[in-house]
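Residues per chain, in single letters:
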Amino acid sequence: MGQKWLLWFLALSPISLSVVVHTQSSDSSLLSMFTTEISTSNPKVSMTQTEPTATSHHRRTTQGDCDGPPQPQWRTNVTFSGWKHGDVAIYTCKLTTDVYVKGTTTVVCKDGDAWSSDSPHNKEDKYKDDNVYTVDGSKMAAGSYCRVFADDHPSAWCYTTSNQTQRDDCDVPRCDVAHDCDGPPRPLWRTHVTYSGWKHGDVANYTCNVSSDVYVKGTTTVVCKDGDAWSSDSPHNKEDKYKDDNVYTVDGSKMAAGSYCRVFADDHPSAWCYTTSNQTQRDDCDVPRCDAVHDCKGPPRQQLRTRMTYSGWKHGDVAIYTCNVTSDVWGPVYKGSLNRTKMGFDCNAWTSDIPHIKGAMYKDDNIYTVDGSKSAAGSYCRTFADEEPSAWCYTTNTYTKWDECDVPRCDDVLDCEGPPLPYPRTNVTYSGWKHGDVATYTCKYKSDVFILGKTAMKCEYGTWEEPTIVCAPTTCWYTHWKWGPVYKGSLNKTKMGFDCNAWTRDSPHTKDEIYKQDYFYFVDGSKAAAGSYCRIFRDDYPSTWCYTTNTYTKWDDCDVPRCDDVRGRGDNSTPVQPTI
């Protein structure tokens, strides 16, 4: 009786159970493998079955290992058994506050987006037919390699594994375009040339031929390729001035300039060249001005919801950003429990048509992607794959059918770069500078009096709120950025020695109309509260003053200096130290 063995492989996930059975008989060298995807109780996950494959003499098709498991997606953890062909990586939600909605949680290490696969993109019917794969014999043999077909597409291409890009061209030149050169470029005056050959892609290197010569400038390495040499008028006719060897000052002639980018003594501010494209006559080259070539201090900082890799931070180095979020497949995503609108109305249940009848699309369970059904969405604010750019809900208010909810876009929830700088005559303490952190302002000097304004400012959407705190000095005056000049001292005698009159009195002098209005006395609240103290106002007069009780002198300046002019004097020299 033949020997038999059985191997069970369980890929445990909330979605699928993979069972692989191998059977080998001593009477036959035939090996059979059957893989069946068995759907669990999750009704949203379709059942798929992979066709059985058989191989004779234990031969395998070429199957490469992966570089590593896929990187963790936004707000997930990943565990994996390895990264050899066939190994499994399993994704789970990373945050305890997140709720698993749907999507594949188990991926397998396999060779790219094989032509036999319809994931993540459905292929056209003609590319599912083995007959179009003339150089391979079948789509299975074509693997995930770039291919060119007998169709209208003029270049090699492939379907991609990107959810956002279905297909893309590959960098494979036409054989009749990749011409070999007749030989390396001839040696230039006082140079020596060595070369690896003169086939397409071979390199020729130039060096100075005389030991007493000093290398000054110019290209020393050229490649055999089909550029649009400066001596050529195909495919574009060049202007007459560029046919003149005298304009090629760094090379000496248009022949020596080859097909390199050049900059001329003309009105064009950058290096450029004629192109070989029939559609584009000329184009600029990426050659910076020498005085603009500075190294960066470091790569750009990580942006929200992205991954970043970089080669360095010297001039010309590259930082590459990739999206860290795959939820765009499902449209806008929000699964919070907010159930009140911006205007303060309670949200109505998505299943209810009283007091307002809902649009037909919102009666369809399929539009509730994060919940699965309108019933599961309850009366919470939701955002949909429709034209409304924010979270919203129908309301229970008879007169307001629907209203937006105060749910920000995740892209907008940025941290601040740091707390705001202290404003004049204030100290600031803060809990941090992440989104939602608070900075608290207090008066800096013991002699100052807090009058009004917000003292607690939040970091929201990458920006700190503007503090409005007003600390009024009693020994000097300064100009507040919002309220203008500020002074709340008790001086009531002028520079000439006259007593100040009460701001409420019109005897012996009648006051101007604006000084009869209480709102003008913002540091005191009213003219009565200002008493007979010297004050400075938001008018055009640059000093503290008051009306006098002297019959012959209507008003006079008071001896109150600007705070900027009295540093080191009085209480201003003893600031209150903040508690960090």
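Description of the structure in this document. Just so it is clear, the model here is predicted, and its values are computed rather than measured.

1. Re the sheet that holds strand E11 (residues 221–223)
Taken together, three strands build an open sheet; the order of strands is E9-E10-E11 and the sheet is antiparallel. Whereas interior strands pair on both sides, the edge strands pair on one side only; in this sheet they are strand E9 (191–195) and E11. Averaged over all adjacent pairs, the angle separating strand axes in this sheet is 25 degrees, with direction ignored. Across five bridges, the pairing between E9 and strand E10 (residues 203–208) is antiparallel. Bridging from a neighbouring strand, His192 pairs with Thr207 of E10.

2. A look at the sheet that holds strand E6 (residues 106–108)
What the three strands build is an open sheet, ordered E4-E5-E6; its pairing is antiparallel. Single-partner strands in this sheet number two, and they are strand E4 (76–80) and E6. Put simply, the sheet's adjacent strands are angled 25 degrees from each other on average, direction ignored. Of the pairings in the sheet, the one linking strand E5 (residues 88–93) to E6 comprises three bridges and is antiparallel in character. Across the sheet, the residue bridging to Ile90 is Thr106, located in E6.

3. What about unusual backbone geometry?
Most peptide bonds are trans, and most residues other than glycine sit at a negative phi. Note that the residue after Ile354, namely Pro355, is joined by a cis bond; omega there is 10 degrees. Structurally, the position occupied by Pro355 is in the loop between strand E15 (319–323) and strand E16 (392–394). With omega at 10 degrees, the peptide bond leading from Ser507 into Pro508 counts as cis. Structurally, Pro508 is set in the loop between strand E25 (484–486) and strand E26 (545–547).

4. Points about the packing of aromatic side chains
In this description, a pair of aromatic rings is defined by centroid distance and the angle of the planes. Taken as a whole, this structure holds 40 aromatic pairs when the rule is applied. Ring geometry for Tyr127 and Trp157: centres 5.1 Å apart, planes at 80 degrees, overall edge-to-face. One end of the pair, Tyr127, is in the loop between E6 and strand E7 (157–159); the other, Trp157, is in strand E7, and 30 residues separate them in sequence. Residues Tyr127 and Trp157 agree in their burial class; the two are buried. Ring geometry for Trp545 against Tyr547: centres 5.1 Å apart, planes inclined by 75 degrees, an arrangement best described as edge-to-face. The exposure class assigned to Tyr547 is buried, which follows from its relative accessible area of 2%. Through a chain of ring-to-ring contacts, three or more aromatic side chains come together here, namely Trp503, Tyr515, Tyr519, Phe520, Tyr521, Phe537, Tyr541, Trp545, Tyr547 and Trp555. Above the plane of the ring of Trp157 lies Arg167, whose end atom (NZ or CZ) is 3.5 Å from the centre.

5. Describing the state of the cysteines
For the structure on display, the rule yields nine disulfides. The residue that forms a disulfide with Cys261 is Cys285, at a sulfur-sulfur distance of 2.0 Å. Residues Cys261 and Cys285 are joined through a disulfide that is left-handed, its torsion about the S-S bond being -80 degrees. Taken as a pair, Cys261 in the loop between E11 and strand E12 (272–274) and Cys285 in the loop between strand E13 (282–284) and strand E14 (306–310) lie far apart in primary sequence, 24 residues in all.

6. Brief notes about the nonpolar core
Core analysis: the biggest nonpolar cluster contains 16 residues, and Trp503, Tyr515, Tyr521 and Phe537 have the highest contact counts within it. Not counting chain neighbours up to four residues away, the residues in contact with Tyr521 comprise Trp503, Tyr515, Ser526, Lys527, Ala530 and Phe537.

Parameters and conventions
Residues numbered from 1 in each chain as written. Predicted model: local features only at pLDDT ≥ 70, side-chain atom pairs only at ≥ 80, totals over all residues. Heavy atoms only, no water. Pairing = 2+ DSSP bridges. Helix = DSSP H or I, 4+ residues; strand = E, 2+ residues; numbered from the N terminus. Axes fitted to C-alpha atoms, helices over the stretch in contact; angles between N-to-C directions. Phe/Tyr/Trp six-rings, centres within 6.5 Å; stacked < 30°, edge-to-face > 60°. Buried < 20%, exposed > 50% of the residue type's maximum accessible area, 1.4 Å probe, protein only. Lys NZ or Arg CZ within 6 Å of the ring centre and 35° of its normal. Disulfide = S-S within 2.5 Å. Core = buried A, V, L, I, M, F, W, Y, C linked by side-chain atoms within 4.5 Å. Contact = heavy atoms within 4.5 Å.

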